[in-house]
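Results of the structural survey
Okay, here's what each chain looks like letter by letter:
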Amino acid sequence: MNKVRTRFAPSPTGYMHVGNLRTALYAYLIAKHEHGDFILRIEDTDQERFVEGALDIIYDTLKLTGLKHDEGPDIGGPVGPYVQSERTDIYLKYAKDLIAKGEAYYCFCSKERLDKLREGAENSKKTYKYDKHCLNLSKEEIEKNLHDGIPYIIRQNNPETGTTVFHDDIYGDITVDNSELDDMILIKSDGFPTYNFANVVDDHLMGITHVVRGSEYLSSAPKYNRLYEAFGWNVPTYVHCPPIMKDAHHKLSKRNGDASFEDLIKKGYLKDAVLNYIALLGWNPRGENEIFSLDGLVDAFDYKSINKSPAMFDDVKLKWMNGEYIKKMSKEDFTQIAMPYYKKVISKDLDFTKISELLQPRVEILSEIPDFIDFFESLPEYSEDLYVHKKMKTNFENSIKTLEKIIPMFESIENWNIENIEKACMDLVKELGVKNGIVFWPIRTALSGKKFSAGGAYEIADIIGKEESLKRLHIGLEKLKNAAN
Ligand code: GLU
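Residues numbered from 1 in each chain as written. Predicted model: local features only at pLDDT ≥ 70, side-chain atom pairs only at ≥ 80, totals over all residues. Heavy atoms only, no water.

All right, on to the UniProt feature "binding site: ATP" (unreviewed entry) in the chain then. Per the UniProt entry, the sites bearing "binding site: ATP" (unreviewed entry) are Lys254 in this numbering. Summarising the element assignment, Lys254 is placed in the loop between β10 (244-245) and α8 (261-266). Once residues within four sequence positions are removed from consideration, Lys254 is found in contact with Tyr15, His17, Ser260 and Asp263. (UniProt positions renumbered as here; feature names shortened; annotations may be inferred. Helix = DSSP H or I, 4+ residues; strand = E, 2+ residues; numbered from the N terminus. Contact = heavy atoms within 4.5 Å.)

Okay, structure coming up:
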């Protein structure tokens, strides 16, 4: 068997859509599972769509995610150049070969004529198809037009009868009537090839064995097959991946403001968690385990078990998975990646390691952190109603009592640490003969000013220190007394 060679062939659009990253990942996994080559090719023939800085996003994403390519524009390789805009001569030569074989032809139709054709199709509710007008030009007419410098494009010459069959390893055999095949454009009037032509020429010349891409290209695959056949080339194995949906009716798309890889990272997702999650969008591992490192994926990935049915992008699951990755980190690593989020809301000199201990088991995405911890910096405005908690059986009256009693007990703690603070609280529970909640809830509330907080009463007290704790308890007591009157 030939060495497996796959490629990731992004267009420089300026962002990395989750679907594109999945294509890159699957192409990488298919190659690496078989110890093959993974190639990066830049498809920049749509010059109007060129976006500044777009290449950096592609390189940065591959680097960050560890999808290391074996050949590509930046590192070269035996079948370069790997940027399509540097290969225009190649495409033109191959297009001319097809013309010589009668498999393609020059088309000089004006925009006006094509617009009319399109309009006509629309009015009669038919799918637009070019009418092969220029296929009938005589040799002399063509020569003259070329000589006169009339702008032209080159079209594929598809048969109008019979059928074309192609095989996709995921979607199976698909047969289409040739009458449905449009004479698609191979070379545009600016001399650049279309994606439809360049992908076939490049995949062949670059020795690609498995073409991995989104299912939106499935409907064009019969036309690609006709090109391979016209050239007398072997058709590669097609692996079309299912669409990624945001709900039952809508695809995940940048236009709807849905996440690109960069957006997810900005939102506080970890790259490894995102990559792991993306692997599962359309592929099921055999066992129960869903947490995979990239190497683990290389071992486990069997592309034949990619699903046909659309994959649902599930935020809740992605969050859960991210939380699992956060829990697995070392305390030091977690504190390091959480630090920018700490600094957003905390300027005081607090013990961030202690804060990390509280947060790491609870946080699912890093961007949640500021909300969890902002009260450490300063006590937020809060309503006295927070003291009333049905399950804890707390009300204004017993909360006042708790705070009145705990203040002197805290004042007398000489060595302010978590054990001594906890002991004071438990002593009060005993003294009052009440359930823990009646003591802990009002203290925690007074210290945090929040309904939910990272950490309980004594953990917060320990982190903010004795002086600040007492200050907040006094404020709470005041608030309660005012409310009770
Ligand atoms: N340039 C195409 C895209 O970005 C690639 C399609 C393919 O992988 O063949 O969608």
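Right, let's get into the packing of aromatic side chains. Here the structure, examined in full by the defined rule, presents 21 aromatic pairs. Geometrically, the ring pair formed by Tyr195 and Tyr224 is edge-to-face, given 6.4 Å between the ring centres and 85° between the ring planes. Residue Tyr195 is found in helix α6 (residues 195-205), and its partner Tyr224 is found in helix α7 (residues 221-231); the two are separated by 29 residues along the sequence. Seen in terms of ring centroids, Tyr382 and Tyr387 are 6.0 Å apart; in terms of plane orientation they differ by 50°. Their pairing is tilted. Each member of the pair, Tyr382 as well as Tyr387, is classed as buried. Members of the aromatic cluster, each reached through a chain of ring pairs, are Tyr26, Trp283, Phe292 and Phe301. Over the ring of Tyr325 we find Lys328, and its NZ or CZ is 4.4 Å from the ring centre. The lysine or arginine in question, Arg444, covers the ring of Trp441, its NZ or CZ lying 4.5 Å from the ring centre. (Phe/Tyr/Trp six-rings, centres within 6.5 Å; stacked < 30°, edge-to-face > 60°. Buried < 20%, exposed > 50% of the residue type's maximum accessible area, 1.4 Å probe, protein only. Lys NZ or Arg CZ within 6 Å of the ring centre and 35° of its normal.)

Here we come to the sheet that holds strand β7 (residues 185-187). Sheet architecture is open: three strands sit in the order β3-β4-β7, paired in antiparallel fashion. The two strands at the open ends of the sheet, each matched to only one other strand, are β3 (104-107) and β7. Taken over all neighbouring pairs, the strand axes of this sheet differ in orientation by 40° on average, direction set aside. Note that β3 and strand β4 (residues 153-156) share four bridges and pair antiparallel. (Pairing = 2+ DSSP bridges. Axes fitted to C-alpha atoms, helices over the stretch in contact; angles between N-to-C directions.)

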